[in-house]
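# Report on the structure
Residue strings, one per chain:
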Amino acid sequence: MSPPLARRAPRLRDGMPADREACVALWTASCADRDGVAHPGVAERARPKFDHSAGWVVAEDARGHVLGFALATAAGTGVPTDPPDAALLGLLAVHPSTKGRGVGRLLLTSIEGRLAAGGCETAVLHVLTDNAVAVRLYEAAGWRPLGAPFEHSLLGRPTQTYVRRLGAPESSTSS
């Protein structure tokens, strides 16, 4: 995958079936970049989530290159300890060449808005506790930890559930 450069604000749009493999490849590359190594099974676990989308937004540059995406699935698709009425923000990735340029925040804000517009009041996500960049992004956007960390089923690393009431101002979110 050639590294696109985001010199201008990316265009946000709904994800489409034709974007699936590019997003899976981006997810795999993003995870490998985060961990310094590619883990077997990452693409295979991500791919079916696109079949259960409750919201999917893609950020692309002026040439149509995918710079990032966010994918949420319906309530009940997470882990048993998730609030039963909460949509799951299961995947959010930005191309490694665009890290630190605000693409992740744009995607997060957009997927939250799309879920809220679709009637979803609460969303959850699961983040590796050692992924400091992602934890800062989510906490700055008003996401709050919920429950105790648990072991990631593929990576075996501590993972924290975060929750956010959608449509609520960041300063007044509750856990």
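This report concerns the structure included in the present document. (Residues numbered from 1 in each chain as written. Predicted model: local features only at pLDDT ≥ 70, side-chain atom pairs only at ≥ 80, totals over all residues. Heavy atoms only, no water.)

### A word on the pairing of strand β2 (residues 53-60)
Most of β2 sits out of view: 6 of its 8 residues are buried. Bridging between strand β1 (residues 11-14) and β2 involves 4 bridges; their strand directions are antiparallel. Note on β2: the bridge partner recorded for Arg13 is Val58. In sequence, β2 turns back onto strand β3 (residues 66-73) through a hairpin of 5 residues, with Gly64 there showing a positive phi of about 90°. (Buried < 20%, exposed > 50% of the residue type's maximum accessible area, 1.4 Å probe, protein only. Helix = DSSP H or I, 4+ residues; strand = E, 2+ residues; numbered from the N terminus. Pairing = 2+ DSSP bridges.)

### Considerations on the side chain of Thr159
Considering the arrangement of structural elements, one finds Thr159 in strand β7 (residues 158-165). With a relative accessible area of 1%, Thr159 lands in the buried category. Reaching out from Thr159, the side chain makes a polar contact with the backbone oxygen of Arg157 at a distance of 3.2 Å. If we ignore the near neighbours within four places in the chain, the residues touching Thr159 are His126, Val127, Leu128, Thr129, Pro149, Phe150, Glu151 and His152. (Polar contact = N/O pair within 3.5 Å; in protein donor to acceptor, adjacent residues only side chain to side chain. Contact = heavy atoms within 4.5 Å.)

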